[in-house]
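# Per-entry structural report
Here's the letter readout for the chains.
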Amino acid sequence: MAKILVVDDEKIIVKGIRFSLLQDQMEVDCAYDGEQAVEMARNTEYDVVLLDVMLPKLDGFQVCQAIREFSNMPIIMLTAKGDDMDKILGLEYGADDYITKPFNILEVKARIKAIIRRNNKKNGGAKRQESSVVTEGDLKLDRESRRVFIKDKEINLTAKEFDLLELLMENPGKVYSREKLLDTVWGYDYPGDVRTVDVHVRRLREKIEVNPSEPKYIFTKWGV
């Protein structure tokens, strides 16, 4: 049974989401402010965190950043604002996806299920590999534990950053368009724009490259 944490200070929205997810046999916990959300995420490993941006005590971005200090559990941001920078900012803090309010609950459930399916597929597929470890230079990626190391120092990646890096390391030299990366890594028809890929690639470079402006691992093929 999938465990979902729903975080929103509007109790009527939480009640509606919780009711709908329970109909799909998901286990749902609810938090109504940022501090409560961080504490619950620290005590329970959720399959997905559905996180509103506008929260009391700690806002959604602060909650996302705090969770990323101890867990890579998938986070979907809920934003009532239409400004694209808010959405990109959510990804900057380590979110895996975002949905703009007002939303269709069917879309929310589809996003949640897509992330869960992808993670289940990853976790199941790792055991069938001859080796769970992929290496390139000083970079080591362990599929089974979903951990990444550079010179034996662990690098903290979000779930989507890990999936993106895994895809690229398993296919060295292959060039992917932004659209192909969205389709492959996100695993569904992503409603956002291709800048999502740019943000994740830039964050990956900042974490694994000595000099992100002169990358050793992840290259851009201009025009493709």
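Worth saying up front: this structure is predicted, and the values here are computed from it rather than measured.

Definitions and limits used
In every chain, residue numbers begin from 1 and rise along the written sequence. Given that the model is predicted, a residue must reach a pLDDT of at least 70 before its local features are reported, and side-chain atom pairs must reach 80 or more before they are shown or counted; all residues, however, enter totals for whole chains, interfaces and linings. Computation of side-chain values: all heavy atoms of the structure, hydrogens and water removed. Where helices and strands are cited, they refer to DSSP runs of H or I of at least four residues and of E of at least two residues respectively, numbered from the N terminus. Relative accessible area decides the class of each residue, using a 1.4 Å probe on protein chains only: under 20% of the type maximum gives buried, over 50% gives exposed, and in between gives partly exposed. We call two residues contacting when some pair of their heavy atoms lies within 4.5 Å. Residue exposure ignores everything except the shown protein chains as possible cover, and the areas themselves are Shrake-Rupley values with a 1.4 Å probe. In plain words, nonpolar cores are sets of buried Ala, Val, Leu, Ile, Met, Phe, Trp, Tyr and Cys residues tied together by side-chain atoms within 4.5 Å. A pairing counts as a salt bridge when a side-chain nitrogen of Lys or Arg comes within 4 Å of a carboxyl oxygen of Asp or Glu. Here pLDDT means the predictor's own confidence in every residue, given as a number from 0 to 100. Centres within 6.5 Å make a pair out of two Phe, Tyr or Trp rings, where for Trp the six-membered ring is used; the pair is then stacked when the planes are under 30 degrees apart, edge-to-face when over 60, and tilted otherwise. Distance and angle both matter: a charge sits over a ring if NZ of Lys or CZ of Arg is within 6 Å of the ring centre and within 35 degrees of the ring normal. Here an angle of 0 to 180 degrees is reported between the N-to-C directions of two axes, which are lines fitted to C-alpha atoms, with helices fitted over the stretch in contact. Relative orientations are named as follows: roughly parallel for angles under 35 degrees, roughly antiparallel for angles over 145 degrees, roughly perpendicular for angles from 65 to 115 degrees, and oblique for any other angle. Polar here means any residue other than Ala, Val, Leu, Ile, Met, Phe, Trp, Tyr, Cys and Pro, which are nonpolar, and Asp, Glu, Lys and Arg, which are charged; Gly is therefore polar.

## Considering the overall build of the protein
Regarding its fold elements, the protein presents 8 helices and 9 strands. Within the protein, the proportion of its 224 residues that are buried is 50%. Intrachain contacts of the protein at a sequence separation of at least 6 include 57% that bridge at least 24 residues. Accessible surface for the protein amounts to roughly 11700 Å². Of this, 49% is attributable to carbon and sulfur atoms.

## So, the nonpolar core
Core analysis: the largest hydrophobic core is formed by 24 residues, its most contacted members being Leu5, Val7, Val49, Leu51, Val63, Ile75 and Met77. Examining the composition of this core, we find that 5 residues originate from one element, helix H3 (residues 60–68), more than from any other. Excluding anything up to four places from it in sequence, valine 49 contacts Leu5, Val7, Met73, Pro74, Ile75 and Ile76. Counting residues in each nonpolar core, the second largest holds 23 residues, with Val185, Trp186, Val197 and Tyr217 among its members.

## Describing the pattern of salt bridges
Under the criterion given, the structure shown has 17 salt bridges. Notably, a salt bridge pairs arginine 146 with aspartate 163, separated by 3.0 Å at the nearest N-O pair. On the criterion of sequence distance, the pair formed by arginine 146 in the loop between strand S7 (139–142) and strand S8 (147–150) and aspartate 163 in helix H6 (residues 159–170) is long-range, its members being 17 residues apart. With respect to burial, arginine 146 and aspartate 163 carry one shared label: buried. Residues participating in the shared-partner salt-bridge network are Asp8, Glu10, Asp52 and Lys101.

## Points about the confidence of the model for the protein
In the predicted model, the protein carries a mean pLDDT of 85, and the fraction of residues at 70 or more is 88%. No element of the protein has a lower mean pLDDT than helix H4 (residues 84–92), at 69, and none a higher one than strand S1 (residues 3–7), at 96. Contacts from residues 125–130, a stretch scored under 50 in pLDDT, to residues over four places away or in other chains number 3 contacts.

## Section: the packing of aromatic side chains
Aromatic ring pairs: the centre-centre distance and the angle between the two ring planes describe each pair. One pass over the structure, following the stated rule, counts 1 aromatic pair. Ring geometry for phenylalanine 61 against tyrosine 93: centres 5.6 Å apart, planes inclined by 20°, an arrangement best described as stacked. Placement of phenylalanine 61 in helix H3 and of tyrosine 93 in the loop between H4 and strand S5 (97–100) is noted, with a sequence separation of 32 residues between them. When the ring centre of tyrosine 32 is taken as reference, the NZ or CZ atom of lysine 11 above it lies at 5.1 Å. We note lysine 140 situated over the ring of phenylalanine 149; from NZ or CZ to the ring centre the distance is 5.1 Å.

## Considering the environment of glutamate 136
Mapped onto the elements, glutamate 136 comes out in strand S6 (residues 133–136). Here glutamate 136 falls in the partly exposed class, since its relative accessible area comes to 46%. When the C-alpha positions of glutamate 136 and isoleucine 150 are compared, they lie 9.7 Å apart, and in sequence the two are 14 residues distant. Apart from residues lying up to four places away in sequence, glutamate 136 is in contact with Met169 and Tyr217.

## Thoughts on the packing of helix H7 (residues 178–186) against helix H8 (residues 195–208)
Their axes nearest at 9 Å, the elements H7 and H8 cross at an angle of 75°. Taken together, the axes of H7 and H8 are roughly perpendicular relative to one another. Residues Arg178, Leu181, Leu182 and Trp186 of H7 pack against Thr196, Val197, Asp198 and His200 of H8. Residues of the contact of H7 with H8, tallied by class, amount to 4 nonpolar, 2 polar and 2 charged.

## Some points on the environment of aspartate 97
Along the chain, aspartate 97 falls in strand S5. Classification of aspartate 97 by relative accessible area gives buried; the value is 0%. When the C-alpha positions of aspartate 97 and isoleucine 112 are compared, they lie 9.9 Å apart, and in sequence the two are 15 residues distant.

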